[in-house]
Amino acid sequence: MMEINYKGGQPMPPYVIEALRYLGKVGVMSRPTWYQHFGTGTSQWKREQLLNLVNRGVLIRHSCNQLKGAWVLSDWSIDLLRDRGLSCVRPVPPHLLEHDEVVGTTLLALKKHGVCKDWLSERELKMMESKDFIVEKKENEIKYPDAVFKLIHEKNFWMVAIEYERTGKSTTRYRSILRQYGKLQNLNQILYVTEDSSIRKRIQGALKFIGNQELMGRIGLISACDWKRDPMAAPIYKVGKTTSFNQIFRMT
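On a predicted model such as this, the values are computed, not experimentally measured, just so you know.

**What about the packing of aromatic side chains?**
Each pair of aromatic rings is reported with the distance of its centres and the angle of its planes.
Then, number 1: A full pass over the atoms with the stated rule returns 7 aromatic pairs.
Then, number 2: Taken together, a centroid distance of 5.6 Å and an interplanar angle of 55° make the contact between Tyr 22 and Phe 38 tilted. One end of the pair, Tyr 22, is in helix H1 (residues 14–26); the other, Phe 38, is in helix H2 (residues 31–38), with 16 residues separating them in the sequence. We note that Tyr 22, like Phe 38, is buried.

Following this line, the structure appears as structure tokens:
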């Protein structure tokens with residue numbers, strides 16, 4: 001891991017650097033995310049660590065007063081990441097906080113288990129103006145997957161897209177997006193994480209309507225409840241079978 005120093009010259013511990021890189025990808029970090037994925041020691045010590053980052057000018061509170069437990073990068077931290085060629089996306093709007101944190105924290109969990117080697121959030125793809133992974137163009141807006149990540153297993157290389165469907169879209173829109181996914185051969189798998197069965201049925205109905213067998217083989221459906229609890233153990237429902245990352249990587 002690269003070495004990064006605080007303003008005073010003291011080296012940052014690895015867990016702080018990881019938190020900064022996460023914020024650069026996602027745009028916001030909630031208190032629960034800090035406690036679960038970055039802070040070390042007791043709850044009291046994790047709280048002190050977080051306050052220390054605020055006092056050092058590394059983090060600032062989200063500008064929305066309704067988000068009392070969310071932090072974003074300070075201007076100093078933004079410059080720090082950019083100077084090192086690292087991503088630095090805009091802060092997440094309040095209504096997208098839960099959505100983007102679910103995507104980001106579950107990918108952190110997959111990375112911890114060696115499943116996710118590297119990943120890009122939708123905000124990173126937009127910032128990069130990537131020509132890859134475009135799934136929808138609407139007027140001046142381009143939609144990418146919520147995230148894409150690199151998976152390497154038994155010398156096989158896969159690119160996997162994650163779509164977290166917290167509220168769901170119309171069947172017509174799913175048909176349009178899935179048709180585009182059918183054209184993206186740079187994605188080996190597309191995982192739809194759905195909050196309820198009605199969203200899942202809409203996706204299945206759209207797939208059936210399109211009738212692309214090759215695309216059906218690349219689509220996996222996952223319950224959001226299972227995914228948020230443990231993305232390694234969450235069942236992935238595919239055509240004719242059910243699997244999980246624990247099974248794929250032969251973990252218990």
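Moving on, there is more to tell.
**Points about the side chain of Ser 77**
Then, number 1: Following the sequence through the fold, Ser 77 ends up in helix H4 (residues 75–83).
Then, number 2: Apart from the residues lying within four places of it in its own chain, the contact partners of Ser 77 are Leu 20, Gly 57 and Val 58.

**Notes on the layout of surface pockets**
Then, number 1: The space that makes up the largest pocket amounts to roughly 790 Å³.
Then, number 2: The wall of the largest pocket is formed by 33 residues, among which His 37, Thr 105, Thr 106, Leu 108 and Ala 109 lie closest to the centre.
Then, number 3: For the lining of the largest pocket, the elements supplying multiple residues, two or more each, are H1, H2, helix H5 (97–112), strand S4 (118–121) and helix H10 (224–229).
Then, number 4: Per-element accounting of the lining of the largest pocket gives the leading share, 10 residues, to H5.
Then, number 5: For the lining of the largest pocket, a count of residues per class yields 13 nonpolar, 8 polar and 12 charged.
Then, number 6: Space inside the second largest pocket adds up to approximately 580 Å³.
Then, number 7: Every residue lining the second largest pocket is counted, 25 residues in all, and those nearest its centre are Leu 96, His 99, Glu 122, Lys 143 and Asp 146.
Then, number 8: Breaking the lining of the second largest pocket down by element, the ones donating at least two residues are H1, H5, S4, helix H6 (122–128), strand S6 (141–143) and strand S8 (156–165).
Then, number 9: Ranked by the residues each element gives to the lining of the second largest pocket, the list is headed by H5, at 4 residues.
Then, number 10: By residue class, the composition of the lining of the second largest pocket is 5 nonpolar, 6 polar and 14 charged.

What counts and what doesn't
- Residues numbered from 1 in each chain as written.
- Predicted model: local features only at pLDDT ≥ 70, side-chain atom pairs only at ≥ 80, totals over all residues.
- Heavy atoms only, no water.
- Phe/Tyr/Trp six-rings, centres within 6.5 Å; stacked < 30°, edge-to-face > 60°.
- Helix = DSSP H or I, 4+ residues; strand = E, 2+ residues; numbered from the N terminus.
- Buried < 20%, exposed > 50% of the residue type's maximum accessible area, 1.4 Å probe, protein only.
- Contact = heavy atoms within 4.5 Å.
- 1 Å grid on protein atoms, 1.4 Å probe; cavity = no way out; pocket = protein on both sides within 12 Å on 5 of 7 lines; lining within 4 Å.
- Points joined across faces, edges and corners; volume = space filled by probe spheres on them.
- Nonpolar A, V, L, I, M, F, W, Y, C, P; charged D, E, K, R; others polar.

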